[in-house]
Structures are given as C-alpha cells and as structure tokens.
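Reading the structure
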Amino acid sequence: MFQRILIATDGSTLSRKAVATGIALAAQHGADLVAMTVVPRYPKAYFDGAMVFAPDDIARIEKQWAAAAEETLATVATRAKSSGVKVKTVTVSSDLVAESIVAAAKKHKCDLIVMASHGRKGIKRLLLGSETQHVLTHSTLPVLVLR
C-alpha cells in the first residue's frame, strides 16, 4: 500500500512514538522511510525574539541544534535498519516547520506522513501554534497523527 513514508521527528518522547509506528508500518508494507527533522534558524534580531548575541555565538548555537538533529536521525536510522527498513535521513534548516515537512514529502515522493501531535487546546494552541494542524490542512497526502 505505502511505498515511501516520511516520518517527521523532533526527538521528543512523543515523536519517538511516531518513529516507532512509522518504522513498523514501513516494515509491514515493505516501504522505504524518509526520516526528517527541521532545525530552526536562530533569530538574528531582538525584534525577532532573540537576545543579542555575537555572530560566533549564534553559529555555535545553530551548530549544536544541527548536531542534536543529526543524532536524533541517526537513532531513527539505526532502528529502521535493524527492522530491515531502508531509510534516508533529511535535516532541513527553516523556521517554517510545517511547510518544510510538506515540501520534503513532495520532494521525496512520499505517500504518507507520520508525525506526532501534542494535542494542545485553547490558549496554548493559539500561542504555540500547531505544526501538525498546519500539515494536516496543507498536505495532499494522508497524514497519520499520533498522540
């Protein structure tokens, strides 16, 4: 049924549930996996929500975020390979998380997106937003959401 599944992960406990489910689905259907994470860009200006840091400090912070993302994806790749699933890892640097997920699914010709949702309601959802909701409303692909 599925030939290529995109798993969006941020390394959180909740997203690990999506990873496990995505790997199990891929193994069951003989599908390939694309495991991705989106690394934010550090805000460069005070008005963008950043404290003012020297460019060297910003580069160090962004490098740490990228290293954490690579470690997360390496863990996913190891789990997928041990389940006999072919996996490709993708790290995207962007502040537009949902758009990056939808674009990566399209670019890699995926036919399912697997991701987690924190299930925030009310004011928390308004303040923190919902990347999952954005993916659900903007993707033309099926999206499996785990909570």
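Refer to the preceding data block for the structure.
Residues numbered from 1 in each chain as written. Predicted model: local features only at pLDDT ≥ 70, side-chain atom pairs only at ≥ 80, totals over all residues. Heavy atoms only, no water.

Structural notes on the nonpolar core
Counted only if it meets this: Residues belong to a common nonpolar core when they are buried Ala, Val, Leu, Ile, Met, Phe, Trp, Tyr or Cys residues joined through side-chain atoms within 4.5 Å. Throughout this description, buried means an accessible area under 20% of the type-specific maximum (1.4 Å probe, protein chains only), exposed means over 50%, and partly exposed covers the range between. Each helix is a run of H or I in the DSSP string that is no shorter than four residues. Each strand is a run of E no shorter than two, and both are numbered from the N terminus. The contact rule is simple, with two residues in contact once any of their heavy atoms fall within 4.5 Å.
Judged by nonpolar contacts, the single largest core of 21 residues is most densely connected at Ile5, Ile7, Leu33 and Val114. Among the secondary structure elements, those contributing two or more residues to this core are strand E1 (4–8), helix H1 (13–29), strand E2 (32–39), helix H2 (55–82) and strand E4 (112–116). Sorting elements by how many residues they give to this core places H1 first, with five residues. If we skip the residues at most four places from it in the chain, Val114 touches Ile5, Leu6, Ile7, Ala8, Ala18, Gly22, Leu144 and Leu146. By size, the runner-up hydrophobic cluster in this structure holds 16 residues, among which are Val38, Val90, Ile113 and Val135.

Some remarks on H2
What counts, and what does not: Multiply 1.5 Å by the residue count of a helix minus one, and that product is the helix's expected span.
With 28 residues, H2 ought to run about 40 Å at 1.5 Å a step, and its terminal C-alpha atoms sit 41 Å apart, in line with that. If you check which residues of H2 are buried, you get Ile58, Ile61, Ala69, Thr72, Leu73, Val76, Ala77 and Ala80. Buried residues in H2 make contact with H1, E2 and strand E3 (87–93). In the segment just after H2, Gly84 is the residue with positive phi, at about 80°.

A short note on H1
Note the cut-off: To be clear, the arc concerns the directions from the helix axis to the C-beta atoms.
For H1, built from 17 residues, the straight-helix expectation of 24 Å at 1.5 Å per residue is met to within 8% by its first-to-last C-alpha distance of 25 Å. Buried within H1 we find Ser15, Ala18, Val19, Gly22, Ile23, Leu25 and Ala26. Looking down the long axis of H1, one finds its buried residues gathered within 165° of arc, a one-sided arrangement. Turned more than 90 degrees away from the buried face of H1, the exposed residues are Thr13 and Gln28. Tucked inside the fold, the buried residues of H1 contact E1, E2, H2, E4 and strand E5 (143–146).

A closer look at the sheet that holds E5
Counted only if it meets this: Here, a strand pair is defined by DSSP locating no fewer than two bridges between the strands. Lines fitted to C-alpha atoms define the axes, with helix axes restricted to the stretch in contact, and inter-axis angles between N-to-C directions lie between 0 and 180 degrees.
Spatially, E3-E2-E1-E4-E5 is the arrangement adopted by the five strands of the open sheet, whose pairing is parallel. Single-partner strands in this sheet number two, and they are E3 and E5. Ignoring strand direction, the axes of neighbouring strands in this sheet form an average angle of 20°. Helix-sheet contacts for helix H3 (residues 97–107) involve E1, E2, E3 and E4, and the interaxial angle to E2 is about 155°.

Considering the pattern of salt bridges
How we decide: Salt bridges are identified by distance alone: a Lys or Arg side-chain nitrogen within 4 Å of an Asp or Glu carboxyl oxygen.
Under the definition given, this model contains one salt bridge. A salt bridge links Arg60 to Asp57; its shortest N-O distance comes to 3.7 Å. Placement of both Arg60 and Asp57 in helix H2 is noted, with a separation of three residues, approximately one turn of the helix. Assessed through its relative accessible area of 29%, Asp57 is described here as partly exposed.

Remarks on the environment of Thr13
For clarity, the threshold we go by: Any pair of N or O atoms that falls within 3.5 Å is considered a polar contact. Within protein, one atom must be able to donate a hydrogen and the other to accept it, and sequence-neighbouring residues count only if both atoms are side-chain atoms.
By the secondary structure assignment, Thr13 is in helix H1. In this structure the C-alpha to C-alpha distance between Thr13 and Ala116, which are 103 residues apart in sequence, comes to 9.7 Å. In this structure the side chain of Thr13 is engaged in a polar contact, spanning 2.9 Å, whose partner is the side chain of Arg16.

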